[in-house]
Each structure stands twice: as C-alpha cells, then as structure tokens.
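Descriptive structure summary
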Amino acid sequence: MSPRNWIAVASADHVAVGRQGGFMQVNHGKEAPLRRLRPGDRVVYYSPRQQMRGGEQRQAFTALGVVADGPIYRGEMGNGDTAFRRDVHWQATQDAPIRPLLEHLSFGGPHWGAPFRYGLFEITADDMAVIAEAMRGD
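Since the structure is predicted, the reported quantities are computational estimates derived from the model, not experimental observations.

Reading the values: the criteria
Sequence order as written defines residue numbering, which begins from 1 separately in each chain. Whole-chain, interface and lining totals are the exception, using all residues; otherwise, since this is a predicted model, local features are given only for residues with pLDDT of at least 70 and side-chain atom pairs are given and counted only at 80 or more. Processing note: side-chain calculations cover all non-hydrogen atoms of the structure and skip hydrogens and water entirely. Comment: elements are numbered from the N terminus, with helices defined as DSSP H or I runs of at least four residues and strands as E runs of at least two. The quantity called the radius of gyration is restricted to C-alpha atoms. Its globule counterpart is 2.2 Å times the number of residues to the power 0.38. Using a 1.4 Å probe on the protein chains alone, a residue whose accessible area is under 20% of its type maximum counts as buried, one over 50% counts as exposed, and one in between counts as partly exposed. For the accessible areas, the method is Shrake-Rupley and the probe is 1.4 Å, while residue cover comes only from the protein chains on display. Neither His nor the chain ends is counted toward charge; the positive residues are Lys and Arg and the negative residues Asp and Glu. Think of each charge as sitting on NZ of Lys, CZ of Arg, CG of Asp or CD of Glu. We define a nonpolar core as any set of buried Ala, Val, Leu, Ile, Met, Phe, Trp, Tyr and Cys residues linked to one another through side-chain atoms lying within 4.5 Å. Any pair of residues with heavy atoms lying within 4.5 Å of one another is described as a contacting pair. Criterion used throughout: strands pair if DSSP finds at least two bridges between them.

What follows deals with the overall build of the chain. Scanning the chain from terminus to terminus reveals 2 helices and 8 strands. Taken from N to C terminus, the helices and strands of the chain fall in the order β-α-β-β-β-β-β-β-β-α. Its C-alpha atoms give the chain a radius of gyration of 14 Å, within 12% of the compact-globule value 14 Å for 138 residues. Considered along the principal axes of its C-alpha atoms, the chain spans approximately 45 × 40 × 25 Å. Counting only residues that meet the buried cut, the chain has 43% of its 138 residues in that class. When the accessible surface of the chain is split by element, carbon and sulfur atoms take 48% of a total near 7600 Å². In the chain, which carries 16 positive and 15 negative side-chain charges, the distance between the mean positions of the two groups comes to 6 Å.

Turning to the nonpolar core, a few remarks are in order. One finds Ile7, Val44, Tyr46, Phe61, Phe116 and Ile131 to be the most contacted residues of the largest nonpolar core, which totals 20 residues. When contributions to this core are tallied by element, the ones reaching two or more residues are β1 (5–9), β3 (42–49), β4 (57–67), β8 (120–123) and α2 (125–136). The greatest single-element share of this core, amounting to 4 residues, is contributed by α2. If we ignore the near neighbours within four places in the chain, the residues touching Val44 are Trp6, Ile7, Ala8, Phe61, Ala63, Leu64, Met128, Ile131 and Met135.

Where β1 meets β3, 5 bridges bridge the pair, whose relative direction is parallel. Counterpart to Trp6 in the pairing with β3 is Val43. In this sheet, β4 lies alongside β3 in antiparallel orientation, the contact comprising 7 bridges. Within β4, the position partnered with Val44 by the bridge is Leu64.

See below:
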C-alpha cells in the first residue's frame, strides 16, 4: 500500500509546538482522525491564523513531514489537559502561502476552503508535490 497524503489544519503557533516536539495532533486532540494515518504517510499543516483564537491571518502551509512508526498516544498540553498525538519526522521547510498555489491544486476552486473545516483531509500525490515544492523553495 503506497503512502497517502494529508492536510491537517491548526494555528501556526500550535504547529510550531508540534514541530519542536516531533508530533502532530488534530481536531483539538481527538483520537479518531489520527487513526486514518499510517507510518510513511505524508502530512502538511495548513495554518489559517497565527493563533488559535484570533491573531493575524496566515493562510499558509507551515509544516511538512512523514508520519513515524509508533502508536497514537496521549500527550500533556498543560493545565492537566491531554491530547492524542502521533509522532512525525518534520522536514526543514519554509512557509508557503496557499493563494499562489490554488490554481495548481485539485481542490483550488472557488470553494477551496471547504475541506479545511474537517481538520484533516486526504489529498492527491500531485497536490502534495505542488505544496512540498513550494515549501522547499525549489
């Protein structure tokens, strides 16, 4: 089975915490969406905003990585809160604004933002290649 490609959605500040810790979490720490991912799958984070509740608009891809081997686990978020996580091997990338890429993405039509509401959705290998190229500055 070939690796699948995913977009996860989180604020840029939350993505930065995950990059630093080598993990990802989605949908406010829910477990079910993470069960769709397998080791070797590629994941890219899209950040609509800098902070979760407000902050400046970002509308950029902010992290790119490969899901690592290992189970889903609970991670401490502070204040006694936990969230389900998966480990990810994050790559060195630069942020890539989405708007210049939309005409090259299969979901880039007039309602391009609709699938992002799910917090995690699968994309094509071609879409991932376009995003990864932009994030690597190729």
